[in-house]
Amino acid sequence: LLATSVGLPYVVLAATAPLLQDWFRVAAPGRTPYKLYALSNIGSLAALLSYPAFAERFLPLGAQASWWSAGFVAFVIVTALCGWRVLRTGSALAAAAAPVDATMEDPPSRVDQILWVAFSACGTGLLLAITNQLCQEIAVVPLLWILPLAVYLLTFIVSFAGFYNRAVCFALFVGAFAAEMYAIGRPNSTPLVAQIAAGLFLVGTGCMLCHGELVRLKPRARDLTSFYLALAAGGSVGGMLVTLVGPLVFTRYTELPLFVLLVALLGWLGL
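Residues numbered from 1 in each chain as written. Predicted model: local features only at pLDDT ≥ 70, side-chain atom pairs only at ≥ 80, totals over all residues. Heavy atoms only, no water.

K.L.:
Which residues make up the state of the cysteines, and what are the values?
P.N.:
Across all of its chains, the model carries 0 disulfides by this definition. The thiol of C122 is not disulfide-bonded; the next cysteine sulfur, from C210, is found 5.3 Å away. Of the residues examined, C122 reaches a relative accessible area of 5% and is grouped as buried. There is no disulfide at C169, and the cysteine sulfur nearest it, in C210, is 11 Å away. (Disulfide = S-S within 2.5 Å. Buried < 20%, exposed > 50% of the residue type's maximum accessible area, 1.4 Å probe, protein only.)

This is the structure:
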């Protein structure tokens, strides 16, 4: 049912960010398209927060379906107009295909491509591991999963907007890890709000470290589609490790310390 009703539109929407950024590269040569990824995540964060707060509360399901369908049609029309405009910029296409762009930066190495997948997998795995910790071990609260996901999206926004400092984030991550271990080790004496805050702090600092390093490793603009493909693949790997592999391999909840260790290791390699 999901595949036939929302599967194809979801795939189309998910491919929008790299597609439009590649068009931006063609239409505006010399300008970096990666900051548009921060804007796309701002849209994702706004949708994540506005749906339970507004749409789900004030719009019946039929009205939600109508508004979503109308918005999707508008999205298709505007995207088609953008594509038509890019096709008309023949000079920009010629400039983007010129060999000058290929000599400005070296193509990504195999190590860089592996690190793209690794950092993305660690960020997603850490998000899911802490989400499970918060929602299953600390507090069974409706919609609590929105908080770590919102923090996760916020780290994408901050990183791709250019506000990342490696040393500061690594130091904050070490402090967040210590706070989380204290909260887990003393659940009875640690207030509930403090336990949730410690988990969110660890998500924020760990994912900021992963996504900030991804920004530092981003390739030249003409290779951005392979960059985002690696990010998607890494996210899938991290998700499968937590949801499928972890319950089959471990007898205890080992995913959280495992991904904290992997993030720390990758961060140390970056330093």
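Now that the structure is up, let's keep going.
K.L.:
Explain the packing of helix 2 (residues 16-27) against helix 11 (residues 224-249) to me, using residue names and the numbers behind them.
P.N.:
Each pair of packed helices gets described by two things: the angle between the helix axes and the distance between those axes. Here helix 2 crosses helix 11 at 165 degrees, and the two axes come no closer than 9 Å. Classified by the angle between their axes, helix 2 and helix 11 sit roughly antiparallel to one another. Crossing of helix 2 against helix 11: the hand is right-handed. Taking contact as the criterion, the partners of P18, Q21 and D22 in helix 2 are, on helix 11, L224, T225 and Y228. For the contact of helix 2 with helix 11, the residue count by class is 3 nonpolar, 2 polar and 1 charged. (Axes fitted to C-alpha atoms, helices over the stretch in contact; angles between N-to-C directions. Helix = DSSP H or I, 4+ residues; strand = E, 2+ residues; numbered from the N terminus. Parallel < 35°, antiparallel > 145°, perpendicular 65-115°, else oblique. Left-handed = near helix turned anticlockwise from the far one by under 90°. Contact = heavy atoms within 4.5 Å. Nonpolar A, V, L, I, M, F, W, Y, C, P; charged D, E, K, R; others polar.)

K.L.:
An account of a nonpolar patch on the surface is needed here, citing residue identities and associated values.
P.N.:
A surface patch of nonpolar side chains, amounting to about 640 Å² of accessible area, comprises V237, M240, L241, L244, V245, L248 and V249. Within the secondary structure layout, L248 lies in helix 11. (Patch = residues over 30% accessible without salt bridge, like charges linked within 9 Å, V, L, I, M, F, W, Y side chains within 5 Å. Areas by Shrake-Rupley, 256 points an atom, 1.4 Å probe, with all protein chains shown as cover. Salt bridge = Lys/Arg side-chain N within 4 Å of Asp/Glu carboxyl O.)

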